[in-house]
Amino acid sequence: MCKFNKLWITLLLIFPLGLLYSQGGSLTGKVTFEGEPPAPQEVKITKDANVCGKEPHYDESLLVGENKGLQNVVVSIMNPPKGGDMSQLGKEFAIHQMGCTYTPHICLVPVNTPLLIYNDDGILHNLHTYSKKNPSFNISQPKFKKKVKKTFKYPETFPIKCDVHGWMVGYIVVVDHPYHAVTNENGEYKIEGLPAGTYQVQFWHEKLGTIQKEVTIEAGATATLDVSMKM
Ligand SMILES: [Cu+2]
């Protein structure tokens, strides 16, 4: 009877610890623009104004929101734990060409996973990628070709551009683990499911470059890592 009780007490003590560990921790934070952000630059619509010009376009290479939050920063764990669950990045990966803009501007896609590129505009677009590790492509997507499917073998970040509408620029970020995030319009990000440990975190912005920081994650807890980036 006494042994039985001890066993139960031990199990009851170990179980919450195990649960805590299996939960993993999270990393969250905000990326801000350091200094006075430049005014948004309006882009001149020089073609297909009836489709592309319905709403004003702004240069998307530097988007600073309220409180200087920096949008479209790719946050990546550089020493990822093994065996992460790729489905935490999403189930379907797609870029839409809508109003002659790539949505999203930065598209994360796992390796060997279909990326669907939709032409929602019903006009001629052209898909031109500038990858180095993966084969680049340069194909036209006429209005009747609603969907193009592509897969990528190697992790790499590269631009996609439209040669018909020169202002259309986006980025494809091919990843081989799930521990990545892109900052939202307030500069905020969150990476979940990280086992306890010390990680190198990279922040990449298309115009402001790359910075790297170290962070320690505790099991079941959320660590905060805020950074600022400048010109
Ligand atoms: Cu286009």
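To start, this report covers the structure provided alongside it. Bear in mind that the values here come from a model prediction, so they are computed numbers and not experimental data.

Quick notes on the rules
- Residues numbered from 1 in each chain as written.
- Predicted model: local features only at pLDDT ≥ 70, side-chain atom pairs only at ≥ 80, totals over all residues.
- Heavy atoms only, no water.
- Helix = DSSP H or I, 4+ residues; strand = E, 2+ residues; numbered from the N terminus.
- Buried < 20%, exposed > 50% of the residue type's maximum accessible area, 1.4 Å probe, protein only.
- Contact = heavy atoms within 4.5 Å.
- Polar contact = N/O pair within 3.5 Å; in protein donor to acceptor, adjacent residues only side chain to side chain.

Cis geometry marks the peptide bond from threonine 103 to proline 104, where omega comes out at 0°. Position of proline 104 among the secondary structure elements: in the loop between strand 6 (102-103) and strand 7 (106-110). One non-glycine residue, asparagine 72, lies in the positive phi region at around 65°. Positionally, asparagine 72 belongs in the loop between strand 3 (57-58) and strand 4 (74-77). A residue is classified by how much of its surface remains accessible, and asparagine 72, at 7% relative accessible area, is buried. The backbone of cysteine 100 sits at a positive phi, close to 60°, despite the residue not being glycine. Among the secondary structure elements, cysteine 100 is positioned in the loop between strand 5 (93-97) and strand 6.

With respect to the element layout, threonine 113 can be found in the loop between strand 7 and strand 8 (115-119). Judged by its relative accessible area of 19%, threonine 113 is buried. Once you skip the residues sitting within four places of it in the chain, threonine 113 turns out to touch Phe93, Lys150 and Thr151. In this structure the side chain of threonine 113 is engaged in a polar contact, spanning 3.5 Å, whose partner is the backbone oxygen of proline 110. Separated by 3.0 Å, the side chain of threonine 113 and the backbone oxygen of valine 111 make a polar contact.

These figures come from the coordinates and say nothing about function on their own.
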